[in-house]
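Coordinate analysis (summary)
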Amino acid sequence: MKLLAALALLVGLTTGLRAQDKKSSSTGDCPMMGPDAAMNARGDEGMGFAQAKTTHHFRLAAYGGTIEVSVNDSADTASRDQIRKHLEHIAMRFQKGDFEIPMFVHDKMPDGAAMMKQEKGNITYEYEPTTSGGRVRIQTRNPEALKAVHDFLRFQIREHGTGDALEVARNR
């Protein structure tokens, strides 16, 4: 009787795992990786560098804010160079209202991106290299565009789990 009960339990667990595998493969969320790992894998592909080797920061400012990416290891010049190439490319694409890369990475339209696209003529994106990577400074004087930029940066902070401030920094 105990053997029969154990066998029934094993069959039930196996069936449940198969159902989870089917659900995971259809949604793209691996139960072992989770949604953050899936986003990071898309980030590796879309940005051209390993997310695990870099650190992202999204900073809100009165003028808009910044996207900053740096290498975790200063000797990793290959990742540093890829960051610079990516951010320079992003600045050009965002200026044209093209947010396809963040849509791909996050598997959805980031908050604020639709309005940033609409207000592209009122927003400037300035790339600059840093010692360990690069940054894109996003600036606007238009109130609707500014709200969109802040929404976009807050979305990035939450999605990437950077711990950056969700409020506008007074000294930036």
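Up top is the structure.
Residues numbered from 1 in each chain as written. Predicted model: local features only at pLDDT ≥ 70, side-chain atom pairs only at ≥ 80, totals over all residues. Heavy atoms only, no water.

If you walk through the whole model with that rule in mind, you get four aromatic pairs. With a centroid separation of 5.7 Å and 90° between ring planes, the pair formed by Phe-94 and Phe-152 is classed as edge-to-face. Placement of the pair is Phe-94 in helix α3 (residues 77–95) and Phe-152 in helix α6 (residues 143–160), with a sequence separation of 58 residues. Phe-152 gets classed as buried once you look at its relative accessible area, which sits at 1%. Among the aromatic side chains, those forming a connected cluster through ring pairs are Phe-94, Phe-99, Tyr-125 and Phe-152. (Phe/Tyr/Trp six-rings, centres within 6.5 Å; stacked < 30°, edge-to-face > 60°. Helix = DSSP H or I, 4+ residues; strand = E, 2+ residues; numbered from the N terminus. Buried < 20%, exposed > 50% of the residue type's maximum accessible area, 1.4 Å probe, protein only.)

This brings us to α6. Between its terminal C-alpha atoms α6 stretches 26 Å, which fits the 26 Å expected from 18 residues at 1.5 Å a residue. Taken residue by residue, α6 has Ala-145, Ala-148, Val-149, His-150, Phe-152, Leu-153, Arg-154, Phe-155, Gln-156, Ile-157 and His-160 as its buried positions. The backbone nitrogen of Glu-144 has a side-chain oxygen 2.9 Å away, supplied by the residue at the start of α6, namely Asn-142. (Expected span 1.5 Å × (residues − 1). Polar contact = N/O pair within 3.5 Å; in protein donor to acceptor, adjacent residues only side chain to side chain.)

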